[in-house]
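Here is how the chains run, residue by residue.
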Amino acid sequence: MGESQNQVNGFIFNTNEDFSRAKEEQEVIDHFKTKVDLSDPNDTLKLYNRFIEKNTFQTPVGYLFLKELQESILKSGIIKPEEMQKINYTSQNPSTKTVKKEVDSLALNKYKEMVQNLKIKLRNSRIINLFFLVIVIAMIIIAIYSDKTVFTNFENEVIDHYASWEEELKLKEKELEEREAKLNKE
């Protein structure tokens, strides 16, 4: 039988995504095998705990490495099996991936719809603000260039009317003074 192209550490992967992830995990494993002294149980335990806490591995390649580290730590006897962090396996079931993608797609569509609604509201707000700005500018222009003579003419008419009364009163007062002077002479 020929070897599959999507094979890593004895595992065959059906999707390119899973194969890429497994290949990356194998590179991480190879890197740590060269950088960390796995014969030292304390270093091995620290590395193991860090991998577990960060949920570093998600393919069988990574889980196999975690199991090897776990067995090496337990053989050394530096920690009891019940005190050791357990490996948390997350299923890579294609149907759960599909459901997750559908949920992500629905959430994405929801957010796209929200963004579209907000864009429409923003556009409408800008139109209304522009309309109000045009009205304010028009009012300012009207106030500056409007014919103020209507009010000025009315004011002048009132002033003229009272001025004419004043003149009439002065004339009548003069006439009365003249009559009084005539009566006083007689």
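Before reading on, note that the structure itself is shown above.
Residues numbered from 1 in each chain as written. Predicted model: local features only at pLDDT ≥ 70, side-chain atom pairs only at ≥ 80, totals over all residues. Heavy atoms only, no water.

Draft legend 1. Representation of the packing of aromatic side chains. Under the criterion given, the structure shown has four aromatic pairs. Taken together, a centroid distance of 5.2 Å and an interplanar angle of 90° make the contact between Phe32 and Phe51 edge-to-face. Taken together, the residues Phe32 in helix 1 (residues 16-35) and Phe51 in helix 2 (residues 41-54) connect sequence positions 19 residues apart. Like Phe51, Phe32 is buried. The interplanar angle of 90° and the centroid separation of 5.2 Å between the aromatic rings of Tyr162 and Trp165 together place this pair among those described as edge-to-face. In this pair, Tyr162 and Trp165 both sit in helix 5 (residues 149-185), three residues apart, roughly one turn of the helix. Look at Trp165 and you get partly exposed, because its relative accessible area is 43%. (Phe/Tyr/Trp six-rings, centres within 6.5 Å; stacked < 30°, edge-to-face > 60°. Helix = DSSP H or I, 4+ residues; strand = E, 2+ residues; numbered from the N terminus. Buried < 20%, exposed > 50% of the residue type's maximum accessible area, 1.4 Å probe, protein only.)

Draft legend 2. Broad picture of the packing of helix 2 against helix 3 (residues 60-76). The geometry of helix 2 relative to helix 3 is characterised by a closest axis approach of 10 Å and an angle of 140° between their N-to-C directions. Regarding the angle of helix 2 to helix 3, the classification is oblique. Read as a crossing pair, helix 2 and helix 3 show a hand that is left-handed. Here helix 2 contributes Pro41, Thr44, Leu45, Leu47, Tyr48, Phe51 and Ile52 to the contact with helix 3, which in turn contributes Phe65, Leu66, Leu69, Gln70, Ser72, Ile73 and Ser76. (Axes fitted to C-alpha atoms, helices over the stretch in contact; angles between N-to-C directions. Parallel < 35°, antiparallel > 145°, perpendicular 65-115°, else oblique. Left-handed = near helix turned anticlockwise from the far one by under 90°. Contact = heavy atoms within 4.5 Å.)

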